[in-house]
Amino acid sequence: MQRNMAPGSRAVVAGVLALLCLCRATSSSEASSLTLFDSELSRPGCGSLSDWDEYAADCESSVLQLEPDCEEGGDPSCESTFALNAEKILNQAKLFIEQKKIPFPVDNQNINEELAIGYVLIGNGLYDEAVKHFSLLLQGDPELVSAIYGRGIAYGKKSLQDIKNADLALYELNRVITLEPNWPEVYEQRAEILSPLGRISEALADLSRAVQLQPSARLYRHRGTLLFISEDYVAAMEDFQQSLELKKNQPIAMLYKGLTFFHRGLLKEAIETFREALKLKSDFIDAYKSLGQAYRELGDFESAMESFQKALLLDQNHIQSLQLRGMMLYHHGSLQEAIGNFKRCLQLEPYNEVCQYMKGLSHVAMGQFYEGIKAQTKVMLNAPLLGQKASSEYLKVKYLREYSRYLHSHLDVPVAEYNVDQDLPGNFKNHWAKNLPFLIEDYEEQPGLQPHIKDVLPQNFDTPGFLPNARIHRAMGLATVEVMQAMHRTWSNSKVRVNGKTRQMQWRDMFDIAVKWRRIADPDQPVLWLDQMPARSLSRGFNNHINLIRGQIINIRYLAYFDSILDFIKDRILVYHGAYNPRGLLEVRQALENVNKVEDLLPIMKQVNSKTRDGFTVNSKVPSMKDPGKEYDGFTITITGDRVGNMLFSVETQTTEERTQQYQSEVESIYKDLTAKGKALMLSTELGDADAVCNLILSLVYYFCNLMPLSRGSSVVAYAVVMGAVMASGKEVMGRIPKGKLVDFEAMTTPSPDGFSKMAKSWMNLKSLPSWYQSLPKKS
């Protein structure tokens, strides 16, 4: 999204409130695929009420329901508010009285007419005139509630232009509540002032009071919106459901109900709800866009594409759909198609940072460095204003540009002759891996583009892949073949070319082959060895941190492991209490038998252990093959918070220097044994030898995954090495990783290398390798 459209915290709140609560035409926009649903408010059009009123808001108690706001010189069908004469104001005021819309009417008909005129002035956007009018009435009667209320509304409307008026509005509305404490509309009006100021809890309290006094579809929807902003998605969903039960035909409320499911990782429920929204409004672009995102997260590329396509058929200039479809195509590996979407996005919105960044990234990933770096430079020029938060694209783009320059300068150098981990400055790698702002002292920029080095010629690959990202699948397939060839040469006593030197291959060289291909596949992500970072950074430790549950947001990628991690935590708790609280062990065991969800653990732990206040941690251990009986630190599970929406359930591994040395010693020992058995295998035809080699390969990868030595991509790198080394032993992996399973998490949650080997072989489905693999050209 372009910089001057990116909403700050107040604008986000105001935009979302406008989307759900105001009875006017709006358009929503999207910052990125991760912050899906921040909304922008566009000026309502003039003339007849927009389609919005037909399907979205029930505005039955809105004080002002005249004509929509108009601008001078706007649509000729509008009656210019600047040309309103006294007669028209009086006519509208009489209609206001006849329809009994005056809040807090009095017995005096003349005063009611004067009050009606004030509200008509507000309804026509003449806020200053309304303030003056109500002030005159209050000179005659300082406690005329309707005049106080009207002046508060007028100040509230003016607060959109000048924040000082918000305080005046709140002062007036507070007076009204003191005088008339049982009017729900006043609490709602005050909530509409408080929420854009970031005072969400106070606004929620006001809306809850209004619901208590007089429940309505609009109030439930309004409160649901604020709960959604507060990330209390369960309560928000309940409010949207209540709103829909009171008034069914609300596509917007249905959409937001779906988004509460989406943010909680309940994708199938979200998809079903988005479809319900489309039944209510068949041309609902935002519902199609959100449906596309849900399908994308579910890994259903075809359905996601179909949904984005339907959104763009309704509006070919819908920027968010172009942006999201382009990003999905990039991550699917379809770079040329992705560029087409980003170019169209930039034609419509030249300063859209996401599209500009992704366009530059796509060009570089295709080897088109001139176009790529030109697009990246445009993002760099769009620096944030003073006090404004920088976008993630702005934070990343300088790293990408420097890395792009590095790659371009090495295009004519054989890959085996250079090494990213050794060539790039330590602080650069450290900041890039941690996604820190580019503030690096004494940094010397990479050389600019050199005319004698030409871009990569376009290549047409037509290799279908079963993974969601065909490009990464293709790259890691090539990595697998190269690992096979390198291992075969090593076991045949040949040397390999690594970092400009010819020598015997070491375990890291084997993984480096896969690392190289993973880097080529996606230059956006820093795939770096953590032990090659500056010593100062490594001594502090690098944390690979994964949130499994944060508040009400569930990380669906790891959902398949929740039960096994829960069982592991229970087991660790029982071991702890068996050692330190044997008398209370039976009580703890009985309490844990009733726990079926991670969310239920913390309250029970607080009951059985007085030390458990804000949370607790559990550490896994990894047994050594080299030194039986010895154990290494695995990963740490942390559970903090409580059951009221602010729980954090996470796992992390800390890559310290000491821990790295322990694991590398284990890996080196296994690799030495693997090389010996691999060489023996070259001279033997015994099936048992091949099985022993496979077990060693999987054991080696078991420790690699538990170490987590890379800043990104450890899992896919590990699996490419497994497949390549297994192929070198004369076997081919015919099976696929089961749905929902992840190689690194399988290793991390399996208590021994033997257990990991048995599990992996159960789905690898190994068969004899066809002889034609030996005649493939060298991938290096």
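Residues numbered from 1 in each chain as written. Predicted model: local features only at pLDDT ≥ 70, side-chain atom pairs only at ≥ 80, totals over all residues. Heavy atoms only, no water.

In the nomenclature of an unreviewed UniProt entry, the chain corresponds to Tetratricopeptide repeat domain 13 from the organism Takifugu rubripes.

## What about the overall build of the chain?
Test applied: Secondary structure is summarised from DSSP: a helix means a run of H or I of at least four residues, a strand means a run of E of at least two, and numbering begins at the N terminus for each. Only protein chains enter the accessibility calculation, which uses a 1.4 Å probe; a residue is then buried when its area is under 20% of its type maximum, exposed when over 50%, and partly exposed in between. Here, residues are in contact when the closest pair of their heavy atoms is within 4.5 Å. Where accessible areas are quoted, they stem from the Shrake-Rupley method and a 1.4 Å probe; at the residue level, only the protein chains shown are allowed to cover.
In terms of helices and strands, the chain carries 33 helices and nine strands. Looking at the chain residue by residue over its 780 residues, the buried ones come to 53%. Intrachain contacts of the chain at a sequence separation of at least 6 include 65% that bridge at least 24 residues. Total accessible area on the chain is roughly 36,500 Å²; 50% of this is exposed by carbon and sulfur atoms.

## Some details on the state of the cysteines
What counts, and what does not: The criterion for a disulfide is a pair of cysteine sulfur atoms lying within 2.5 Å.
The tally for this structure, following the rule as stated, stands at one disulfide. In this model, Cys 345 is linked to Cys 355 through a disulfide, with the two sulfur atoms separated by 2.2 Å. Taking the torsion about the S-S bond as the criterion, the Cys 345 to Cys 355 disulfide, at about 90°, is right-handed. Note that Cys 345 is positioned in helix H17 (residues 335–348) and Cys 355 in helix H18 (residues 353–365), a separation of ten residues in sequence. Residue Cys 345 shares its accessibility class with Cys 355, and that shared class is buried.

## Some thoughts on the environment of Ser 216
Of note, Ser 216 is situated in the loop between helix H9 (200–213) and helix H10 (217–229). When the C-alpha positions of Ser 216 and Lys 247 are compared, they lie 8.7 Å apart, and in sequence the two are 31 residues distant.

## Describing helix H6 (residues 145–158)
This is how the line gets drawn: A helix is expected to span 1.5 Å for every residue after the first.
An ideal rise of 1.5 Å per residue puts 20 Å on 14 residues; H6 measures up with 20 Å between its terminal C-alpha atoms. Most of H6 sits out of view: 13 of its 14 residues are buried.

## As for empty space enclosed by the protein
Using a probe with the size of a water molecule, rolled over the atoms, empty space left in the structure can be pinpointed. Here is the rule: The way it works is a 1 Å grid over only the protein atoms, where trapped points that fit a 1.4 Å probe form a cavity and open points with protein on both sides within 12 Å along at least five of seven lines form a pocket, and then any residue with an atom within 4 Å of a point lines it. Grid points are joined across faces, edges and corners, and a volume is the space filled by probe spheres set on the points.
Per the stated rule, a full pass over the model turns up two cavities of 30 Å³ or more. The calculated volume of the second largest cavity comes to roughly 30 Å³. Mapped onto the lining of the second largest cavity, the elements with two or more residues apiece are helix H16 (319–332) and helix H23 (470–491).

## Quick word on the packing of aromatic side chains
What counts, and what does not: When the centres of two rings from Phe, Tyr and Trp lie within 6.5 Å, Trp using its six-membered ring, the rings pair. Their planes under 30 degrees apart give stacked, over 60 give edge-to-face, and anything left gives tilted.
Tallied over the entire structure, the rule returns 29 aromatic pairs. Residues Tyr 119 and Phe 134 carry aromatic rings whose centres are separated by 5.2 Å and whose planes lie at 65° to one another, so their mutual orientation is edge-to-face. Linking Tyr 119 in helix H4 (residues 109–123) with Phe 134 in helix H5 (residues 127–140), this pair joins segments that are 15 residues apart in sequence. As far as the burial class goes, Tyr 119 and Phe 134 line up, both buried.

## Quick notes on the packing of helix H24 (residues 507–521) against helix H29 (residues 657–682)
Each pair of packed helices gets described by two things: the angle between the helix axes and the distance between those axes. Applied cut-off: Axes, fitted as lines to C-alpha atoms, cover a helix only where it is in contact. Angles between the N-to-C directions of the axes lie from 0 to 180 degrees. Should an angle fall under 35 degrees it is called roughly parallel, over 145 degrees roughly antiparallel, and 65 to 115 degrees roughly perpendicular, with every other angle called oblique. In this classification, Asp, Glu, Lys and Arg are treated as charged, Ala, Val, Leu, Ile, Met, Phe, Trp, Tyr, Cys and Pro as nonpolar, and every other residue, Gly included, as polar.
For the pair H24 and H29, the least separation of the axes is 9 Å and the interaxial angle reads 95°. Of the possible angle classes, the one that applies to H24 and H29 is roughly perpendicular. Where H24 approaches H29, its residues Trp 507, Arg 508 and Met 510 are matched on the opposing element by Gln 664, Val 667, Glu 668 and Tyr 671. Within the contact of H24 with H29, the residues separate by chemical class into four nonpolar, one polar and two charged.

## Here we look at the UniProt feature "repeat: TPR" (unreviewed entry) in the chain
So the rule is basically this: UniProt positions are given in the numbering used here, feature names are shortened, and annotations may be inferred rather than shown by experiment.
UniProt records the feature "repeat: TPR" (unreviewed entry) at residues 217–250, 251–284, 285–318 and 319–352, using the numbering of this structure. Along residues 251–284 the backbone is 79% helical and 0% strand, and the end-to-end C-alpha distance reaches 8 Å. As a span, residues 285–318 carries 82% helix and 0% strand, and end to end its C-alpha atoms are 8 Å apart.

## Some remarks on the pattern of salt bridges
The condition that has to hold: In the sections that follow, a salt bridge refers to a side-chain nitrogen of Lys or Arg positioned within 4 Å of a carboxyl oxygen of Asp or Glu.
Applying the stated criterion across every chain yields a total of 30 salt bridges. Residue Glu 188 is joined to Arg 218 by a salt bridge in which the shortest nitrogen-to-oxygen separation is 2.7 Å. In this pair, Glu 188 sits in helix H8 (residues 184–194) while Arg 218 sits in helix H10, placing the two residues 30 residues apart along the sequence. The pair formed by Glu 188 and Arg 218 is uniform in burial state, with each residue classed as buried. The salt bridge involving Glu 417 is made with Arg 497; its shortest N-O contact spans 2.7 Å. Taken together, the residues Glu 417 in the loop between helix H20 (392–409) and helix H21 (420–423) and Arg 497 in strand S1 (residues 496–498) connect sequence positions 80 residues apart. Linked by salt bridges that have partners in common, Lys 398, Arg 401, Glu 402, Arg 405 and Glu 445 make up one network.

## Quick word on the side chain of His 408
With respect to the helices, strands and loops of the structure, His 408 is situated in helix H20. Apart from residues lying up to four places away in sequence, His 408 is in contact with Phe 369, Tyr 370, Leu 449, Gln 450, Ile 453 and Asp 455.

## With respect to the packing of H23 against helix H31 (residues 714–728)
Note the following rule: For any helix crossing, the convention is left-handed if the near helix is rotated counterclockwise from the far helix by under a right angle, and right-handed if that rotation is clockwise.
Axis separation between H23 and H31 bottoms out at 7 Å; the angle between their running directions is 45°. With respect to H31, the element H23 is oriented oblique. When you trace H23 past H31, the crossing you get is right-handed. Together, Met 476, Ala 479, Thr 480, Val 483, Met 484, Met 487, His 488 and Trp 491 of H23 and Val 716, Val 717, Ala 720, Val 721, Met 723, Gly 724, Ala 725, Met 727 and Ala 728 of H31 make up the contact between the two elements.

## Considering the environment of Leu 478
Within the element layout of this structure, Leu 478 appears in helix H23. On the basis of relative accessibility, which here comes to 27%, the residue Leu 478 falls in the partly exposed class. In this structure, Leu 478 is in contact with Trp 517 and Lys 779, ignoring residues within four places of it in sequence.

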